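# Fold and contact review
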Amino acid sequence: VLEVSEFALVFLTFVGAVVAYRRNEHMCVHFVVDLLPKGARPYVAAAVDAIVFVVSALLAYSSYDLLGGQERTTIMDIPIAWLRAPLFVGASLMTVFAFGRLFNHQPRVILPTLPVVAVVAALFVAVVSSSAVSPNTALYCTLAAFALLLVMSVPIGFVFVAVSMLYVQQMKVG
């Protein structure tokens, strides 16, 4: 019963996340974006879709490694990969949906937004990953990324995943 409930929880979590993302029903903090001029909002929306695409793709890529191995569950004797597969499938589907949503924006919005998102993300990763940066500075950068993503209206679940990935990267270096 325990293994079935674990599988059901993981499955429902990631299938639910995919459905919620597709319906645009993830929880977000809209307060700051709602204060922006209407002309700026499409750029923020495109940046959010780009961030969700990158975070989902990285999550799918990193979760693929969890599918390997010969481990089996204790009671039902099924491969552990079955418990981990919903993470990979859910992240992969969210990557596909985010890619589609990203290119629903006008080209005049996407073209300037993508390079800005790429540069800012690369800077955060470089600072957090650098051994020359103190652990406190890396942690402050991670907290800044958390705050920035929240006020941009990135869905909260993706904020947690992105910041967790930054923190894990920091721990590998530190």
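Residues numbered from 1 in each chain as written. Predicted model: local features only at pLDDT ≥ 70, side-chain atom pairs only at ≥ 80, totals over all residues. Heavy atoms only, no water.

This part covers the layout of surface pockets. Put simply, the largest pocket is a space of about 900 Å³. Taken together, 31 residues form the lining of the largest pocket, with Val-54, Val-55, Ala-121, Val-125 and Ala-162 sitting closest to its centre. Taken together, the elements giving at least two residues each to the lining of the largest pocket come down to helix H3 (41-64), helix H5 (107-129), helix H6 (135-151) and helix H7 (156-173). Broken down by element, the lining of the largest pocket gets its largest block of residues, ten residues, from H5. Split by residue class, the lining of the largest pocket holds 26 nonpolar, four polar and one charged. There is about 270 Å³ of room inside the second largest pocket. Lining the second largest pocket are 15 residues, with Asn-24, His-30, Ala-45, Val-48 and Ser-153 positioned closest to its centre. (1 Å grid on protein atoms, 1.4 Å probe; cavity = no way out; pocket = protein on both sides within 12 Å on 5 of 7 lines; lining within 4 Å. Points joined across faces, edges and corners; volume = space filled by probe spheres on them. Helix = DSSP H or I, 4+ residues; strand = E, 2+ residues; numbered from the N terminus. Nonpolar A, V, L, I, M, F, W, Y, C, P; charged D, E, K, R; others polar.)

When two helices pack together, their arrangement is captured by the angle between the axes and the distance separating the axes. Here H6 crosses H7 at 165°, and the two axes come no closer than 9 Å. If you check the angle between H6 and H7, you find them roughly antiparallel. Between H6 and H7 lies a crossing of right-handed hand. Residues Pro-135, Ala-138, Leu-139, Thr-142, Ala-145, Phe-146, Leu-149 and Leu-150 of H6 lie in contact with H7, whose contacting residues are Ile-156, Val-159, Phe-160, Ala-162, Val-163, Leu-166, Tyr-167 and Gln-170. Here the residues of the contact of H6 with H7 sort into 14 nonpolar, two polar and no charged. (Axes fitted to C-alpha atoms, helices over the stretch in contact; angles between N-to-C directions. Parallel < 35°, antiparallel > 145°, perpendicular 65-115°, else oblique. Left-handed = near helix turned anticlockwise from the far one by under 90°. Contact = heavy atoms within 4.5 Å.)

So, on to unusual backbone geometry. Unusually for a residue other than glycine, Asn-24 sits at a positive phi of about 60°. Along the chain, Asn-24 turns up in the loop between helix H1 (2-22) and helix H2 (31-35). Positive phi, normally seen in glycine, also occurs at Ser-153, with a value near 75°. Relative to the helices and strands, Ser-153 is located in the loop between H6 and H7.

If you trace the backbone, Thr-73 turns up in the loop between H3 and helix H4 (81-102). Separated by 3.0 Å, the side chain of Thr-73 and the backbone nitrogen of Asp-77 make a polar contact. (Polar contact = N/O pair within 3.5 Å; in protein donor to acceptor, adjacent residues only side chain to side chain.)

Interaxial distance between H1 and H4 falls to 9 Å at its minimum, and their mutual angle equals 0°. It follows that H1 is roughly parallel to H4 by the angle criterion. Each of Glu-3, Glu-6, Phe-7, Val-10, Phe-11, Phe-14, Ala-17, Val-18, Tyr-21 and Arg-22 in H1 lies in contact with H4, whose residues at this interface are Trp-82, Leu-83, Pro-86, Leu-87, Gly-90, Leu-93, Met-94, Phe-97, Ala-98 and Arg-101. Here the residues of the contact of H1 with H4 sort into 15 nonpolar, one polar and four charged.

Along the chain, the position of Arg-101 falls in helix H4. As a C-alpha pair, Arg-101 and Phe-11 span 90 residues in sequence and 24 Å in three-dimensional space. Residues in contact with Arg-101, not counting those within four places in the same chain, are Tyr-21, Arg-22, Asn-24 and Asp-49. A distance of 2.3 Å separates a polar atom in the side chain of Arg-101 from the backbone oxygen of Tyr-21.

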